[in-house]
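# What the coordinates show
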2 protein chains.
Amino acid sequence: MSGADTHTDVVVVGGGIAGLAGALALSRNGQRVTLLEKADEFGEVGAGLQMAPNASRVLDRWGLLNQVREVGFSPRHLVFRDALTGQELTRQSFGRAFEERYGAPYVVVHRSDLHTILLDACRDAGVTLINATVITGTRTEAGRGVATADDGREYAGHLLIGADGLDSTLRAQIAADPPVVSGYVAYRGTVPITRDTASGDLHDVVVHLGPECHLVQYPLRQGDLLNTVAVYRSASFERGEEQLVGSDELQAAYVGCVPAVHRALSNLRTGFRWPMYDREPTDTWRDGRMLLLGDAAHPMLQYLAQGACQAMEDAAALERVTAGVDLADESRVDAALSTFVAERAPRTARVQRTARVWGDVWHVGGVGRVLRNKLFSSRADGDLEVADWLYGGQPAVGL
Amino acid sequence: MSGADTHTDVVVVGGGIAGLAGALALSRNGQRVTLLEKADEFGEVGAGLQMAPNASRVLDRWGLLNQVREVGFSPRHLVFRDALTGQELTRQSFGRAFEERYGAPYVVVHRSDLHTILLDACRDAGVTLINATVITGTRTEAGRGVATADDGREYAGHLLIGADGLDSTLRAQIAADPPVVSGYVAYRGTVPITRDTASGDLHDVVVHLGPECHLVQYPLRQGDLLNTVAVYRSASFERGEEQLVGSDELQAAYVGCVPAVHRALSNLRTGFRWPMYDREPTDTWRDGRMLLLGDAAHPMLQYLAQGACQAMEDAAALERVTAGVDLADESRVDAALSTFVAERAPRTARVQRTARVWGDVWHVGGVGRVLRNKLFSSRADGDLEVADWLYGGQPAVGL
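Per an unreviewed UniProt entry, chain A is named FAD-dependent oxidoreductase, and its organism is Streptomyces radicis. Heading Cofactor (unreviewed entry) of the UniProt record for chain A holds this comment: "FAD".

Here you go:
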């Protein structure tokens, strides 16, 4: 046994959605879990996020889906429009046929609401939640993963989960690969839906696609809030300038777009912008007893809205591969982690790569835009062949 | 009556396909036609050209289709392939269903062979053919169009047809618009088909589509000759350099393309290249008794293979609008020419514009190429909805 200050079955580093979901998954297998978060309080910034059936299926299994639906919103359709003309290009209904096909619904929820639900579930499951703890290093010693905090304290577990996001400290210990800059930035915002809110498409996830820009809108909190995300290629970001307030660049990026898009820009908080990064796919997710989860393992561009969904899949897979495994049994843990990586890495790599291409498809201009619009327009609602791999079950890990 | 040296019903300036077809059409209406060609001999350079049903229907009406078929080739299909992978993207069969839909076949023929057939037909119809006559100016005087040659001779007719091609002298008198440089150049060549000729697709018009390049191949002369056209964006042409011999640039333009494309490049005559031009659509085709036809009126990029076809349509429309018209009756000639322009200009403008877009679709790279390939691949052979406007009849002018 190591000389750590805290000994437990599992140490999770990172209290975002991936860390909480991972902690909950392992708790459900009867493991004692300690979760370490660097911030002084648990919480989430951001706005809405989308839970596609591959993720809502996990929420359902954990008994959390109804809570998410209650604070979230069940959109009727996903609608793609051309941002320059407003023309509807294609739509996918999220009605009964969709839900039956995938065994789960498509729901949207405020990131902070999902975070609260997972946090409460972790508390209920007995996860030890520790704030204000910055992990600076990890090692594997005597068959245990040990995380060292900046105050010198050490936390040891049979398993050490690195769920510390895009800028993961733990990933940096095993891979030197840098984040990949996409050149795009996002502005997000939520505003109350009132009588004066333009009423078109207010039951749907609506995506306006423009050259080098797009805009996403959908309701949250049972239709009380309107969530808006504007993403565009930012010259100022590529020049290395930091965030802007009241950005002229934001307005300029949407010149030529229909009035509905321009009206939506006023819903955004322009005080902060998120640069969009991902990384090249890898399966270097393990080091001794440490395993990376979520964005720490497979950060992705947001075009498939799968960042949180893949973190949920990670957790469900982790729950499955460690079910009935005595974490003190090193060879069984090794086998479980190998199974996890072998099953998850090809899938998340595909999501990462597809998200990049999907972004290119969204942002294409010129004749590519004409071709994209023709192709989208030729698609029938309900033609989900290209979505099955993503939203459908993964028999290998029983999702 | 003017003081011209030669008086006739119609003077045609230009002995290419548009001029010969126009002369033949007016002869068929009983008009006396004098055709003036600047070259010392009648003839055509170039390689193959395609007669789509909208043009072969005119040949058929004139009793020339069988001659064209005999010296030409009836391809079985039009096949589009991706030049980088060789993948077949879509194909159109030219079998019975196609021919019945449009009332005429799709044939390909050497440009010089079509030219010879039209020239012989003009001779048979009694057209006066005059070589080595460069027209330097035209005017309308006393109700007649007068063309002045560089030797001072003057040719007068009730009607003066300007069919002097892209660099039309006659057009320059009524419009100051310059040709539009596309930045693309073409190399063409024909080689005998032998036992050693690679046998794939030898019954078809095959188009390989690549980023900023394409390659077209089809047989001519009943399968004895293989016609090859390579078109690519030329940096050297954009820099203002003239034609190249044994161009390294040509080879470099097709780097990354499949071996079938590289083998085809050796079939080209690299001693001469054609820069690709068109002009903005216009309906400024008339000046007094003068009317422009063919490339002089509506030069187009070659992506729809409609340059010669639209010249044939021009001639057929001219034949129709002047049928039974006494060309000495100025008001009836005015009305006929107005009808001609009103019917032809919108159509040729659409062909000019569509050819530009079609070229962009052929040459797109990146994600646009992926979208193009998906869209093409989703098309079924026989789905001709988008071709009907082009290949189908034009009731207004009885084509």
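Anyway, onward from the coordinates.
### So, helix α12 (residues 366-377) of chain A
The end-to-end C-alpha distance of α12(A) is 17 Å, a good match for the 16 Å that 12 residues give at a rise of 1.5 Å each. Taken as a whole, α12(A) has its buried residues at A:V367, A:G368, A:R369, A:L371, A:R372, A:N373, A:L375 and A:F376. On its buried face, α12(A) sits against β4 (77-82), β5 (88-93), β12 (205-210) and α11 (330-363) of chain A together with α11 (330-363) and α12 (366-377) of chain B.

### Here's the deal with the sheet that holds strand β13 (residues 213-220) of chain B
Strand pairing in a sheet relies on backbone hydrogen bonds, with the paired strands running either antiparallel or parallel. Residues and elements named next belong to chain B. Taking strand neighbours across the sheet as the criterion, the 7 strands line up as β5-β4-β12-β13-β14-β11-β15 in an open arrangement whose pairing is mixed. Edge positions in the sheet fall to β5 (88-93) and β15 (274-278), since each of these pairs with one other strand and no more. Here the average twist between neighbouring strands, direction ignored, is 20°. Two elements, strand β11 (residues 180-192) and β15, share 4 bridges in a ladder whose sense is antiparallel. Note that in β15 the partner of V181 across the bridge is Y277. Along the sheet face, α12 touches β4 (77-82), β5 and β12 (205-210) and points at about 40° away from the line of β5.

### Thoughts on the relation of the copies chain B and chain A
The transformation that overlays chain B on chain A combines an axial shift of 0.0 Å with a rotation of 180°, and the residual RMSD is 0.0 Å. In the structure described here, the two chain copies are related by an operation that fits a two-fold rotation axis. Considering only C-alpha atoms, the residue of chain B closest to the rotation axis is B:G368, which sits at 2.1 Å.

### Comments concerning the sheet that holds strand β15 (residues 274-278) of chain A
Residues and elements named next belong to chain A. Taking strand neighbours across the sheet as the criterion, the 7 strands line up as β5-β4-β12-β13-β14-β11-β15 in an open arrangement whose pairing is mixed. Edge positions in the sheet fall to β5 and β15, since each has one partner strand and no second. Adjacent strand axes in the sheet meet at a mean angle of 20° when their direction is disregarded. Of the strand pairs in this sheet, strand β13 (residues 213-220) and strand β14 (residues 225-233) are connected by 8 bridges, and their pairing is antiparallel. Across the sheet, H214 pairs through a bridge with V231, a residue of β14. Against the sheet, α12 makes contact with β4, β5 and β12, and its axis sits at roughly 40° relative to β5, the strand it touches most.

Definitions and cut-offs
- Residues numbered from 1 in each chain as written.
- Chains lettered and ligands numbered in written order.
- Predicted model: local features only at pLDDT ≥ 70, side-chain atom pairs only at ≥ 80, totals over all residues.
- Heavy atoms only, no water.
- UniProt positions renumbered as here; feature names shortened; annotations may be inferred.
- Helix = DSSP H or I, 4+ residues; strand = E, 2+ residues; numbered from the N terminus.
- Expected span 1.5 Å × (residues − 1).
- Buried < 20%, exposed > 50% of the residue type's maximum accessible area, 1.4 Å probe, protein only.
- Contact = heavy atoms within 4.5 Å.
- Pairing = 2+ DSSP bridges.
- Axes fitted to C-alpha atoms, helices over the stretch in contact; angles between N-to-C directions.
- Least-squares fit on C-alpha atoms with pLDDT ≥ 70 in both.

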